[in-house]
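Secondary and tertiary structure notes
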Amino acid sequence: MRISFIGGGNMASALIGGLLTRGARASDISVVELQEAGRERLAHEFGVRAIAALDATAAACDLLVLSVKPQQMREVCAGIAPHMDRQTVLSIAAGLRAADIGRWLGGHARMVRAMPNTPALIGKGVTGLYADASVGAAERAQAESVLSAVGQVVWVDDEKLIDAVTAVSGSGPAYVFYFIEAMMRGGEALGLSADQARELAIATFTGASALAAQSPESPATLRERVTSKGGTTEAALHSMNADAVSDAIVRALAAAAARGAELGDQLGAA
């Protein structure tokens, strides 16, 4: 599979590194990157073809990955629209809808949208994927192979659900970091050093997440197993329930999804 990336930033670099680790050939990958320092880094680190503008070789790809900032997408698409033919286009830009990107590409179909998250930078990501009706099984498999190189993938059959994916997993790492910060602050308030509180909080999240992933039991059941009647965990959970922490998290995800839809309207206008 010949792959061309438009934009060579952190997420594109993570995807390229993951693909090469899985056996892709560097000679099959082109990256369009405006910054000379970025091109030099990509060529040196990965051995891929790094160029300043889309050329015939890069355009003759099977999969074109759009990995530029959403605010730059319309201008970028205008520049590459004349080169579009039968490529499958994979966008990892947040908020932008497939129809709008396709319109900016001169009416191009065969669009796949992806919402990865930052743990992809260490190969531990999870990505939501949506493909429009013009994308066949083989093209879906190509798009999936790129994102699965940096973690898990979850397909959705309605593009509107990408906003939900954004709310749960796209923005989700920030929620986890927020909770870790709070646990660290609480640990320090109870007398632990900053280093001790950090190590305990992060290791607890790592271990609990791994247990939830490997256990056949639901997170609710796992929580109940830790919660002894009249014990310390029950006291903590009673406090959280009194503060409606669970409901606050649900409302936060709804706010994130609503903002995602709003950004899609704003960025896709005109």
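The structure reproduced in this document is the subject of the present report. Here the structure is a predicted model, which is why all the values come from computation and not from measurement. (Residues numbered from 1 in each chain as written. Predicted model: local features only at pLDDT ≥ 70, side-chain atom pairs only at ≥ 80, totals over all residues. Heavy atoms only, no water.)

The next point concerns the environment of Ala114. Inspection of the secondary structure puts Ala114 in strand 6 (residues 111–115). Each residue touching Ala114, except ones within four places of it in the same chain, is listed here: Leu90, Ser91, Ile92, Thr127, Gly128, Leu129 and Leu147. (Helix = DSSP H or I, 4+ residues; strand = E, 2+ residues; numbered from the N terminus. Contact = heavy atoms within 4.5 Å.)

Right, let's get into helix 1 (residues 10–21). An ideal rise of 1.5 Å per residue puts 16 Å on 12 residues; helix 1 measures up with 16 Å between its terminal C-alpha atoms. In terms of burial, helix 1 is a largely internal element, nine of the 12 residues being buried. Buried within helix 1 we find Met11, Ala12, Ser13, Ala14, Leu15, Ile16, Gly17, Gly18 and Leu19. The inward-facing, buried residues of helix 1 abut strand 1 (3–6), strand 2 (29–32), helix 2 (36–46) and helix 6 (137–147). Positive phi shows up at Gly23, right after helix 1, with a value of about 105°. (Expected span 1.5 Å × (residues − 1). Buried < 20%, exposed > 50% of the residue type's maximum accessible area, 1.4 Å probe, protein only.)

A separate point is helix 8 (residues 172–189). Under the 1.5 Å per step criterion, the end-to-end length of helix 8 is 26 Å for 18 residues, consistent within 8% with the ideal 26 Å. Of all the residues in helix 8, the buried ones are Gly172, Pro173, Ile180, Met184 and Gly187. Around the axis of helix 8, the buried residues are gathered within 120° of arc, so they sit on the same side. Of the exposed residues in helix 8, those oriented more than 90 degrees away from the buried face are Tyr178, Glu181, Arg185 and Ala189. Against the buried residues of helix 8 lie helix 7 (161–170) and helix 9 (194–214). (Arc of directions from axis to C-beta.)

In spatial order, the strands read 3-2-1-4-5-6-7-8; together these eight strands make up an open sheet with mixed pairing. At either margin of the open sheet sits one strand with a lone partner, and together these are strand 3 (49–51) and strand 8 (151–155). Taken over all neighbouring pairs, the strand axes of this sheet differ in orientation by 20° on average, direction set aside. Pairing of strand 1 with strand 4 (residues 63–66) involves four bridges; the strand directions are parallel. Within strand 4, the residue paired with Phe5 across the bridge is Val65. On the sheet, helix 4 (residues 73–80) packs against strand 1, strand 4 and strand 5 (88–91) and is oriented at approximately 150° with respect to strand 4. (Pairing = 2+ DSSP bridges. Axes fitted to C-alpha atoms, helices over the stretch in contact; angles between N-to-C directions.)

Interhelical geometry of helix 7 versus helix 12 (residues 245–268) gives an angle of 135° and a closest axis separation of 8 Å. The orientation of helix 7 with respect to helix 12, classified from their angle, is oblique. For the pair helix 7 and helix 12, the crossing hand works out as right-handed. The segment helix 7 lies against helix 12, with Asp163, Ala164, Ala167 and Val168 engaging Leu253, Ala256, Ala257, Gly260 and Ala261. Tallied by class, residues from the contact of helix 7 with helix 12 come to seven nonpolar, one polar and one charged. (Parallel < 35°, antiparallel > 145°, perpendicular 65-115°, else oblique. Left-handed = near helix turned anticlockwise from the far one by under 90°. Nonpolar A, V, L, I, M, F, W, Y, C, P; charged D, E, K, R; others polar.)

Per the counting criterion, the structure on display carries 10 salt bridges. One salt bridge in this structure joins Asp55 and Arg49, with 2.3 Å as the shortest N-O distance. Across the pair Arg113 and Glu159 runs a salt bridge, and its minimum N-O distance is 3.0 Å. Residue Arg113 is found in strand 6, and its partner Glu159 is found in the loop between strand 8 and helix 7; the two are separated by 46 residues along the sequence. Judged by its relative accessible area of 4%, Arg113 is buried. Its relative accessible area of 18% is what places Glu159 among the buried residues. (Salt bridge = Lys/Arg side-chain N within 4 Å of Asp/Glu carboxyl O.)

Coordinates in, geometry out; function isn't part of it.
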